[in-house]
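# What the coordinates show
The chain contents come next:
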Amino acid sequence: MLKAPIMGRVKTRLAREIGLAAATRFARISARTTVDRLARDRRWRTLLAIAPDSMAGAQMWPAHCRKIGQGRGDLGARMGRLLGPAFRPALLIGADIPGVSPAIVADAFALLRRSDVVLGPAEDGGYWLIGVNRAAPRAVQFQGVRWSTAHALADTVACFPASRIGYAACLGDVDDAWSYRRHAALAGCVTLPKLRPRSAWL
């Protein structure tokens, strides 16, 4: 899931702390390098879900990836649509996760073969990845999820009471000045440092 990196319309929470220009620059760099890292891997097909829908055809996006609009509704409605049966099995991630790598995505797909739902916990209590296979509920609904809070992961788990849930690597997303200082430098690295620590969710 990608937002068009337009100043004043992307990473607005981060922009309040580090400024509009820096937040927009991070969004642009992070989107470009995330796609560069993941989209050419032949183990999966990469689909870019763009917001707003009118920007799905913009020339800023790489030509080798299929692009669609995210559609209307809040975050939960848009995610539920993108995780529908037509796309499964699927992993859904954002573009503000500087530590994501092909190896971590491959591990998540492996988990999805033995789980109905896979979640990648984020350091702040939310999550950076969600995946579903064909055994997950046909309609994925995110009722009662307190987005952008430390409760988002637990609330989402509660949306799948009868599903087998697996947990991918715990990574940091960039939503505020603290996480920006900690992780943003990795956003410009097409190849991540080999010794980058990875923590598992136990």
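The preceding data block contains the structure.
As a starting point, this report considers the structure included with it. (Residues numbered from 1 in each chain as written. Predicted model: local features only at pLDDT ≥ 70, side-chain atom pairs only at ≥ 80, totals over all residues. Heavy atoms only, no water.)

## A closer look at the sheet that holds strand S2 (residues 47-51)
- Read across the sheet, 3 strands follow the order S1-S2-S3 without closing on themselves; strand pairing throughout is parallel. Unpaired on one side and paired on the other, strand S1 (2-3) and strand S3 (66-69) mark the two borders of the sheet.
- In the sheet, S1 pairs with S2 via 2 bridges, with the strands oriented parallel. When the sheet's bridge partners are listed, Leu2 is paired in S2 with Ile50. (Pairing = 2+ DSSP bridges. Helix = DSSP H or I, 4+ residues; strand = E, 2+ residues; numbered from the N terminus.)

## Some words on the packing of aromatic side chains
- In total, this model carries 5 aromatic pairs according to the counting rule given.
- Between Trp44 and Phe109, the aromatic rings sit 5.8 Å apart at their centres with planes inclined by 25°, giving stacked as the arrangement. Here the residue Trp44 occupies a position in the loop between helix H2 (20-38) and S2, and Phe109 occupies one in helix H4 (residues 102-112), the gap between them amounting to 65 residues.
- Put simply, the rings of Tyr127, Phe142, Trp147 and Phe160 pair up and form one aromatic cluster. (Phe/Tyr/Trp six-rings, centres within 6.5 Å; stacked < 30°, edge-to-face > 60°.)

## Brief notes about the sheet that holds strand S5 (residues 117-121)
- Sheet architecture is open: 4 strands sit in the order S4-S6-S5-S7, paired in mixed fashion. Strands with a single pairing partner mark the edges of an open sheet, and in this sheet they are strand S4 (90-93) and strand S7 (165-167). This sheet shows a mean twist of 20° between the axes of neighbouring strands, independent of strand direction.
- In this structure, S4 lies alongside strand S6 (residues 127-132), joined through 4 bridges in antiparallel fashion. Within S6, the residue paired with Leu91 across the bridge is Gly131.
- Across the face of the sheet, H4 comes into contact with S4, S5, S6 and S7 while running at roughly 135° to S4. (Axes fitted to C-alpha atoms, helices over the stretch in contact; angles between N-to-C directions. Contact = heavy atoms within 4.5 Å.)

No statement about biological role is implied by the geometric values presented.
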